[in-house]
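This is what each chain is made of:
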Amino acid sequence: MTMKTLIAAACLAFGLVGPVLAQEGAHSTPEIAKESWSFGGVFGTYDEHQLQRGFQVFRESCSSCHSARLLAFRNLSEPGGPGFTEGQVKALAAEYTIADPLVEGGERPGVAADRWPAPMSEADAKASFGVVPPDFSVIAKARGTTQQFPWWIVNYFTAYQEGGPDYIHALLNGYHEEVPEGFELPEGKYYNDYFPGHAISMPPPLTDGAVDYADAEEGGVNVPETLDQYSRDVAAFLMYVAEPHMVARKETGFRVILFLVLLAGLMFFVKRRLWAGIEH
Amino acid sequence: MSEHSTYTPGNPFSKWLDDRLPIIRFSKEHLLDYPTPKNLNYWWTFGAILVVMLVIQIVTGIILAMHYTPNIAMAFDSVELLRRDVNSGRVLQAAHAVGASMFFVAVYIHIFRGLFFGSYKSPREVLWILGVLLFVLMITTAFMGYVLPWGQMSFWAATVITNIIGAVPFVGESVLQLLRGGFAVGNPTLNRFFSLHYLLPFIIAAVVVLHIWALHVPGNNNPTGVDVKSTRDTVPFHPYITMKDLYAVVLFMIPFAWFVFFAPDILGHPDNYIMANSQVTPAHIVPEWYFLPFYAILRAVDFNILFIDSKLGGVIFFAGAIVVLFFVPWLDRSPVRSGLFRPLFKWFYALFVINFIGLAYLGAAPADGRVLGIDVPTFSKICTAYYFIYFLVILPILPRFETTRPLPASISENVLGKAHA
Ligand code: HEM
């Protein structure tokens, strides 16, 4: 029995270090590409212009269906974000009506401390779409992409955290007019390559030219007004909504890790010095 | 170990105190003078790392609890608002969540160190048993903590894992209801889990005190497994071991900080950023990575054994996988402690480590998938079998076939031999 186990051991050990790939259940979802994001990796920061454009897409398109209940107006002027001024944020908030049982009439204009109001009640949303469009507060972290076995280990070293924006970008570009042969698309649903199960209740929200960006003369940056660009911008904005303090977090990270590395170096020498006289 | 003390109170007050509560004497004996084998390697620093991790978990946890609301309507948002609106909230929350993972990294290394160097053998059986008890307490605490943010994985992991208790004959159903506070996981479950999650770390801290007490009676084992023979074999705990442990702790903090600041969510599951919903089952329910080996064992039993149905069978193997650890000191019959001097044991041990990692991998694989061309259920059965064969067959029987290498006469001799070789 010892011999047998040894052989089994050798086979297993060899097999595990060999080219191991977990076979996932067969599905026809095309692989979601890793896009390059300004906020990707440990050095990444948000691009102010991109966040402003993404905010515009969110405001003009998505926010008519999706809520963002944890996003406060004031967040939009905080450091590390889209860089709006406090005045701009105040004016923006005032354009929205906030339900407030404490005031007369139950409603008042928004202030910077308010959170983004929901566009419709859950019941209305259910009536229109059959489902409630998911809230956007943390959606960019609530979706992700999966990598096959050895590759996800690499993510630990590159600190890849952008699966959510990659998925959102792919989703918005994944609509098809024609449904693949043999696929039964239920009434009121749309075919999407990347949505799990492919039948999504969200109508394609964006098309080329749908949002009019400010160009360079108006204080923006010239970018193409295409579906691909819109979806990148809104995905970046949603990442920001989910992680508003990412830049500050990373900055602290550099300080902490630098400190730890220096301290470890120092300790190494102290320890070696201390133990120098001892055979061990 | 420390009956004869070298402490002489330096002033009238400490003399007065020493006659009433010899706490200074005690600290000096156990934190400064405690004789430690001088040949300990860095695998022996993980105990200190674990103590530091426990403190970090308790401190960050207490602060998180100040902002957390244990109510199913508010729990999810309270955690997210803590991340966004509390000063340093993002870092505190990440430190606690990543900290749990790092705690388990450290404890697995600590356990496998013990298994290799035979640290569980006489006279350290009680020390080992207390260790296994700590492991059980850690598992329970982490499981309950994971439920608190009330995301989809929290909810469904809680449902699946508590469900297995229902499989226990006779009492299962009533224990299950008691644990959940109802027929399904809901608000009462969340409340009791929060209460227990706050309590258990302090029980862990108390057991750690016993664990270290049980360490200080026989003293440390060491890489040779040979007993300490004279003071030449040891160094005082302070400054030698304190300095070395501190260095290791700082090194351990580097990957910890890496995850906290640069990839705080990478060890978690995206689904846990979706609020719990009892109407929507996630496509693929997976527990946290540190439970995966045991989860794989649970799932491996998908067949009935005589009158025991597969569900109960799974629970028996799952519980058995941990219970067997309590008996390791008596299952291993070899008089030689350290794996370094056991030429055959080494291989079985290496395979055991690979097998354990394999189980973790299988625990995360979808049940209808394939790994290395073998379907997941079959592969899980093979790995589960080896897990138990290692403890129940190999450890007891191997010594009969094994010729161990000659042991050094003492630690000092071994150290000198190394230096001159
Ligand atoms: C909260 C968790 C734990 C803490 C804080 C802890 C702490 C410690 C400390 C400080 C030491 C002495 C330093 C060292 O040898 O690394 C130690 C030794 C030891 N621990 Fe733990 N431990 C924990 C869990 C465990 C577990 C789960 C086991 C085994 C199942 C275990 C088994 C042992 C053994 C056998 C020793 C003696 C090692 C030797 O002297 O060779 N411990 N522990």
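Residues numbered from 1 in each chain as written. Chains lettered and ligands numbered in written order. Predicted model: local features only at pLDDT ≥ 70, side-chain atom pairs only at ≥ 80, totals over all residues. Heavy atoms only, no water.

J.: Please explain the overall build of chain A as it appears in this structure.
T.: Tallying secondary structure elements over chain A gives nine helices and six strands in all. The buried share of chain A, taken over its 280 residues, is 40%. Partitioning the intrachain contacts of chain A with sequence separation of at least 6 by distance along the chain shows that 63% fall at a separation of at least 24. Within the structure as shown, chain A displays about 15,300 Å² of accessible surface, and the carbon and sulfur contribution to it stands at 60%. (Helix = DSSP H or I, 4+ residues; strand = E, 2+ residues; numbered from the N terminus. Buried < 20%, exposed > 50% of the residue type's maximum accessible area, 1.4 Å probe, protein only. Contact = heavy atoms within 4.5 Å. Areas by Shrake-Rupley, 256 points an atom, 1.4 Å probe, with all protein chains shown as cover.)

J.: Please clarify how the nonpolar core should be interpreted in this entry.
T.: A general tendency of soluble globular proteins is for nonpolar side chains to be buried together. Core analysis: the largest hydrophobic core is formed by 122 residues, its most contacted members being F104(B), L115(B), F135(B), Y387(B), Y390(B) and F391(B). Residue contributions to this core peak at 15 residues, all from helix α5 (residues 89-117) of chain B. With near-sequence residues (within four places) excluded, F391(B) lies in contact with L115(B), V324(B), L325(B), V328(B), L331(B), F352(B) and P396(B). Counting residues in each nonpolar core, the second largest holds 47 residues, with A93(A), I139(A), A140(A) and L206(A) among its members. (Core = buried A, V, L, I, M, F, W, Y, C linked by side-chain atoms within 4.5 Å.)

J.: Could you clarify how one ought to interpret the packing of aromatic side chains in this entry?
T.: Any two aromatic rings considered together are summarised by their centre-to-centre distance and by the angle between their planes. Tallied over the entire structure, the rule returns 63 aromatic pairs over all chains. Taking the centre distance of 5.5 Å and the plane angle of 65° together, the rings of F55(A) and F84(A) count as edge-to-face. Here the residue F55(A) occupies a position in helix α2 (residues 48-60), and F84(A) occupies one in the loop between α2 and α3 (86-94), the gap between them amounting to 29 residues. F84(A) matches F55(A) in its accessibility class, with the two residues each being buried. Ring geometry for F104(B) versus Y290(B): centroids 4.1 Å apart, planes at 5°, classification stacked. In this pair, F104(B) is assigned in helix α5 and Y290(B) in the loop between α10 (237-262) and α11 (292-300), connecting sequence segments 186 residues apart. The buried category is assigned to Y290(B), whose relative accessible area is 2%. Its guanidinium or amino end placed over the ring of Y160(A), K34(A) lies 4.1 Å from that ring's centre, counting from NZ or CZ. Positioned above the aromatic ring of Y213(A), the side-chain terminus of R53(A) is 5.7 Å from the ring centre. (Phe/Tyr/Trp six-rings, centres within 6.5 Å; stacked < 30°, edge-to-face > 60°. Lys NZ or Arg CZ within 6 Å of the ring centre and 35° of its normal.)

J.: Would you mind showing me how to read the domain arrangement of chain A here?
T.: For an interface, size is often stated in terms of accessible area lost upon the parts coming together. The domains assigned to chain A are domain 1 (39-71 + 115-244) and domain 2 (255-280). Distance from the C-alpha centre of domain 1 of chain A to the C-alpha centre of domain 2 of chain A: 47 Å. (Domains from an automatic or database assignment.)

J.: Would you explain the pattern of salt bridges in this entry?
T.: Pairs may arise between side chains of opposite charge once their charged atoms sit close together. One pass over the structure, following the stated rule, counts 26 salt bridges over all chains. Note that E78(A) is salt-bridged to R74(A), the shortest N-O span being 3.0 Å. Using a relative accessible area of 27% as the deciding quantity, one classes R74(A) as partly exposed. We note a salt bridge from K28(B) to D33(B), for which the minimum N-O separation is 2.7 Å. (Salt bridge = Lys/Arg side-chain N within 4 Å of Asp/Glu carboxyl O.)

J.: I would appreciate a short explanation of the confidence of the model for chain B in the present structure.
T.: Parts of the prediction with low pLDDT should not have their coordinates interpreted in detail. On average, chain B scores 94 in pLDDT, and the residues at 70 or more come to 98%. Scored as a whole, the predicted complex attains pTM 0.92, and scored at its interfaces, ipTM 0.91. (pLDDT = per-residue confidence, 0-100.)

J.: How do you make sense of unusual backbone geometry when you look at a structure like this?
T.: Glycine aside, a negative phi is what most residues show, and trans is what most peptide bonds show. Each neighbour pair has its own omega, and for S122(B) with P123(B) the value is 5°, a cis peptide bond. Topologically, P123(B) is positioned in the loop between α5 and α6 (125-147). Backbone torsion omega between H238(B) and P239(B) reads 5°, so that peptide bond is classified as cis. Looking at the element boundaries, P239(B) is found in helix α10. Backbone geometry places H198(A), a non-glycine residue, at a positive phi of 70°. Checked against the element boundaries, H198(A) lands in the loop between β5 (190-192) and β6 (199-200). Residue H198(A) is classed as buried on the basis of its relative accessible area of 8%.

J.: Please clarify how the state of the cysteines should be interpreted in this entry.
T.: By definition, a disulfide links the sulfur atoms of two cysteine residues through a covalent bond. Under the criterion given, the structure shown has zero disulfides over all chains. Take C65(A): it sits in no disulfide, and the sulfur closest to it among the cysteines is that of C62(A), at 8.7 Å. (Disulfide = S-S within 2.5 Å.)

J.: I keep staring at the interface of chain A and chain B and nothing clicks. Help me out?
T.: At the junction of the two partners, chain A supplies 58 residues and chain B supplies 57 residues. Both sides together, the interface formed by chain A and chain B hides about 5,200 Å², and carbon and sulfur atoms give 73% of it. For the interface between chain A and chain B, the tally reads five salt bridges. For D85(B), the salt bridge goes to R74(A), with nearest N and O atoms at 3.5 Å. The interface formed by chain A and chain B holds eleven residue pairs in polar contact (both at pLDDT 80 or more) in total. Elements that contribute at least two residues to the side of chain A that touches chain B include exactly α1 (2-17), β1 (22-23), α5 (139-142), α6 (149-158), α8 (227-242) and α9 (246-275) of chain A. When residues of the side of chain A that touches chain B are assigned to their parent elements, the largest contribution, 17 residues, is made by α9(A). (Buried area = accessible area lost by both parts, 1.4 Å probe. Polar contact = N/O pair within 3.5 Å; in protein donor to acceptor, adjacent residues only side chain to side chain.)

J.: Just checking my understanding: could you explain a nonpolar patch on the surface for this structure?
T.: All names here are of chain B. Side chains of V51, V55, V59 and I212 sit close together on the surface and give an oily, nonpolar patch of about 290 Å² of accessible area. Ranked by the residues each element gives to the nonpolar patch, the list is headed by helix α3 (residues 46-65), at three residues. Relative to the assigned elements, V59 resides in helix α3. (Patch = residues over 30% accessible without salt bridge, like charges linked within 9 Å, V, L, I, M, F, W, Y side chains within 5 Å.)

J.: Would you explain the coordination of the iron atom of the ligand in this entry?
T.: Metal coordination angles have textbook ideals: 109.5 degrees for a tetrahedral set of four donors and 90 or 180 degrees for an octahedral set of six. Residue and element names in this part refer to chain B. Only H110 (NE2) and H211 (NE2) from the protein reach the iron atom of the ligand as donors, at distances of 2.0 to 2.1 Å. Each of the six donor atoms bound to the iron atom of the ligand contributes to angles spanning 81 to 179°, and the resulting shape is octahedral. Here H211 lies in helix α9 (residues 187-216) and H110 lies in helix α5, a separation of 101 residues in the sequence. Look at H110 and you get buried, because its relative accessible area is 17%. (Donors = N, O, S within 2.8 Å, 3.2 Å for Na, K, Ca; no water. Tetrahedral: all angles 85-135°; square planar, octahedral: opposite > 155°, others 65-115°.)

J.: Before we go on, may I ask you to explain the site of the ligand in this structure?
T.: Residues and elements named next belong to chain B. In the vicinity of the ligand there are 24 residues, among which H110, S119, G131, H211 and N221 approach most closely. Within the side chain of W44, an N or O atom sits 2.9 Å from an oxygen atom of the ligand. The contact in question runs from an oxygen atom of the ligand to an N or O atom on the backbone of G47, over 3.0 Å. When residues of the shell around the ligand are traced back to their parent elements, those giving at least two are α3, α5, α6 and α9. A total of seven residues in the shell around the ligand trace back to one element, the largest contributor, which is α6. (Near = heavy atom within 4 Å.)

J.: Got a minute to help me understand the packing of α6(B) against helix α12 (residues 310-326) of chain B in this structure?
T.: Each pair of packed helices can be described by the angle between their axes along with the distance between the axes. All names here are of chain B. The contact between α6 and α12 brings their axes to 8 Å, and the two run at 155°. When the axes of α6 and α12 are compared, the pair comes out roughly antiparallel. In this structure, α6 uses W128, I129, V132, L133, F135, V136 and I139 to contact α12, whose residues at the interface are I322, L325 and F326. (Axes fitted to C-alpha atoms, helices over the stretch in contact; angles between N-to-C directions. Parallel < 35°, antiparallel > 145°, perpendicular 65-115°, else oblique.)

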